[in-house]
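Architecture at a glance
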Amino acid sequence: MAAANLWEGNVLKDAFIRLGLTDVAAREFMENGVTDMERFRSLDAKALTRLIKTITKDRDGGAGLIIPFMAQEYIQAMLFWTHRQVALGLPYQAEAFNVTDAAFWMQKIREKDDADEAAKDLIKAPEIFKKDTDWNVWSECLITYLRSQKGMNNSAPLAYVIRDHDFATPDMIFFNDIDEKIGRTILAGPQFNVDNATVYDLLKSLAGSGPLQPFIRPFEIVRNGRGAWQTLRHYYEGDSMRARLKTSAYSSIQKANYQGPRRNFEFSSYVTIHQKAHENLEHLHRVRYIAYKRTEIRKNSNVRTEGLSTAYAKFLISSA
């Protein structure tokens, strides 16, 4: 009788019963060592599947225990939720989880799997970094790529490794699950170390022998991707580099001229020069830039050919 009552009042056992297990089946989890949330969260999805098979398999010629299919799915959803809460530094009490929560997180698992597949097909890594003036576009492409790549730490997008803040604060608001994982996932522990090293390896591969290499080389021994990224941002987004990039963008606009089509330089090439320069200026002047954008295009235009008035007018309108 004592053995039967050994796990009475255990909050994890009660949670399993809420998710559809019988009292006997829930006790089997306890007997196999899964007695609290700390031990439960130490499992991964494959280990949980193996445990369920162990509990339900035939024993001594009997039929074994029955755990309904949906109950198994709900427990997997509970494990997914637990791993997420741990990674984000949020509470994960068993008492807080019920069937409604399980159904919600089952849907989140499906959405994550679908998103992972889509990201593999649509988003590619940026090219090797070659010129300082490419930083704005290149860095944004890198962040977009890292948002699509899941890491070891609760499958959080690797972009969490290079976020601005070290610790999430209670007043932070996130509008979707991806942003919350990026914003809250803890920057510490064995899984973070793996993700941090992965980001470093990516930066190193994209640096090649170009201008990024001297900045990331000091972080090679420990493969500190976050440290390397912060150093790059400090340099490329500091006042000195911003001034250089601004001067370079205006120089490109002023030097660009179009005197009719010639080999390897159509009107579209002239437009591309303007668009790239103004994109860099917009990045550097997020607030003040839009107000004088059209004025600068008009003032620095160097179109010297007949027959392009309509096309040029359209370009001005699209740039307004």
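About the criteria used
- Residues numbered from 1 in each chain as written.
- Predicted model: local features only at pLDDT ≥ 70, side-chain atom pairs only at ≥ 80, totals over all residues.
- Heavy atoms only, no water.
- Helix = DSSP H or I, 4+ residues; strand = E, 2+ residues; numbered from the N terminus.
- Buried < 20%, exposed > 50% of the residue type's maximum accessible area, 1.4 Å probe, protein only.
- Contact = heavy atoms within 4.5 Å.
- Areas by Shrake-Rupley, 256 points an atom, 1.4 Å probe, with all protein chains shown as cover.
- Core = buried A, V, L, I, M, F, W, Y, C linked by side-chain atoms within 4.5 Å.
- 1 Å grid on protein atoms, 1.4 Å probe; cavity = no way out; pocket = protein on both sides within 12 Å on 5 of 7 lines; lining within 4 Å.
- Points joined across faces, edges and corners; volume = space filled by probe spheres on them.
- Nonpolar A, V, L, I, M, F, W, Y, C, P; charged D, E, K, R; others polar.
- Salt bridge = Lys/Arg side-chain N within 4 Å of Asp/Glu carboxyl O.
- Expected span 1.5 Å × (residues − 1).
- Polar contact = N/O pair within 3.5 Å; in protein donor to acceptor, adjacent residues only side chain to side chain.
- Axes fitted to C-alpha atoms, helices over the stretch in contact; angles between N-to-C directions.
- Parallel < 35°, antiparallel > 145°, perpendicular 65-115°, else oblique.
- Left-handed = near helix turned anticlockwise from the far one by under 90°.
- Phe/Tyr/Trp six-rings, centres within 6.5 Å; stacked < 30°, edge-to-face > 60°.
- Arc of directions from axis to C-beta.

So, on to the overall build of the chain. Secondary structure summary: the chain contains 15 helices and zero strands in total. In the chain, which comprises 320 residues, the share counted as buried stands at 41%. Restricting the contact set of the chain to residue pairs at least 6 apart, pairs at least 24 apart contribute 62%. About 18100 Å² of surface is accessible on the chain, with carbon and sulfur atoms providing 54% of the total.

What follows deals with unusual backbone geometry. Of note, Asn-154 is a non-glycine position whose phi angle comes to about 55 degrees, a positive value. Counting through the fold element by element, Asn-154 comes out in the loop between α7 (135–148) and α8 (177–184). Using a relative accessible area of 13% as the deciding quantity, one classes Asn-154 as buried.

On to the nonpolar core. The nonpolar side chains of a soluble globular protein tend to be buried with one another. Counting 35 residues, the largest nonpolar core has Leu-12, Phe-16, Leu-21, Phe-29, Phe-40 and Met-78 as the members making the most contacts within it. Among the elements of the structure, α1 (11–18), α2 (23–31), α3 (37–41), α4 (45–56), α5 (69–88) and α6 (99–122) are those that each provide at least two residues to this core. Among the elements that make up this core, the one with the highest residue count is α5 (eight residues). The next biggest cluster of nonpolar side chains, apart from the first, holds 28 residues, and it includes Trp-135, Val-161, Phe-192 and Ala-228.

Let us look at the layout of surface pockets. Space inside the largest pocket adds up to approximately 820 Å³. Taken together, 27 residues line the largest pocket, and the ones lying closest to its centre are Ala-45, Phe-80, His-83, Asn-154 and Ser-155. Contributing elements (two or more residues each) for the lining of the largest pocket: α5, α6 and α9 (190–207). A per-element tally of the lining of the largest pocket places α5 first, with seven residues. Among the residues forming the lining of the largest pocket, the class breakdown is twelve nonpolar, eight polar and seven charged.

A few words on the pattern of salt bridges. Once the charged atoms of two side chains with opposite charge are near each other, the side chains can pair. Applying the stated criterion to the full structure yields 14 salt bridges. Note that Arg-84 is salt-bridged to Asp-177, the shortest N-O span being 3.0 Å. Residue Arg-84 is located in helix α5, and its partner Asp-177 is located in helix α8; the two are separated by 93 residues in the primary sequence. Note on Arg-84: relative accessible area 5%, which makes it buried. Taking the shortest distance from any N to any O, the salt bridge between Glu-237 and Arg-233 comes out at 2.9 Å. According to the relative accessible area criterion, Glu-237 is partly exposed, its value standing at 26%. Salt bridges here are not isolated pairs; linked through shared partners, they connect Glu-8, Lys-13, Asp-23 and Arg-27.

It is worth spelling out α9 at this point. Compared with an ideal rise of 1.5 Å per residue, which puts 18 residues at 26 Å, α9 spans 26 Å between its outermost C-alpha atoms and is within 8% of the ideal. Three or more residues of α9 are buried, namely Phe-192, Asp-195, Asn-196, Ala-197, Val-199, Tyr-200, Leu-202, Leu-203, Leu-206 and Ala-207.

Moving on, we come to the side chain of Lys-13. Along the polypeptide, Lys-13 turns up in helix α1. Of the polar contacts made by the side chain of Lys-13, one reaches the side chain of Asp-23; its length is 2.7 Å. The contact partners of Lys-13, leaving out residues within four places of it in the chain, are Trp-7, Glu-8, Asp-23, Ala-26, Arg-27 and Met-30.

The next thing to look at is the packing of α1 against α2. Relative to each other, α1 and α2 sit at 140 degrees, their axes nearing to 9 Å. By the angle between their directions, the pair α1 and α2 is classed as oblique. As for the relative orientation of α1 and α2, their crossing is right-handed in sense. Here Leu-12, Lys-13, Phe-16 and Ile-17 of α1 lie close against α2, whose contacting residues are Asp-23, Ala-26, Arg-27, Phe-29 and Met-30. Broken down by class, the residue content of the contact of α1 with α2 amounts to six nonpolar, no polar and three charged.

This part is about the environment of Arg-163. Mapped onto the secondary structure, Arg-163 falls in the loop between α7 and α8. The exposure class assigned to Arg-163 is buried, which follows from its relative accessible area of 8%. With 63 residues separating them along the chain, Arg-163 and Arg-226 place their C-alpha atoms 8.5 Å apart. Residue contacts for Arg-163: discarding those within four places in its chain leaves Ile-182, Gly-183, Arg-184, Thr-185, Leu-187 and Arg-226. For Arg-163, the side chain forms a polar contact with the main-chain oxygen of Thr-185, separated by 2.8 Å.

This next bit is on the packing of aromatic side chains. Taken as a whole and assessed by the stated rule, the structure comprises 15 aromatic pairs. Through a chain of ring-to-ring contacts, the aromatic side chains of Phe-129, Trp-135, Trp-138, Phe-215, Trp-229, Tyr-235 and Tyr-236 assemble into a single cluster.

Our focus in this paragraph is α1. Those residues of α1 lying buried are Leu-12, Lys-13, Ala-15 and Phe-16. End-on, the buried residues of α1 take up no more than an arc of 160 degrees, which puts them together on one face. Taken together, the buried residues of α1 touch α2, α3 and α5. Measuring from the side-chain oxygen of the N-cap residue of α1 to the backbone nitrogen of Leu-12 gives 2.9 Å; that N-cap residue is Asn-10. Just downstream of α1, Gly-20 is the residue with a positive phi angle, here 115 degrees.

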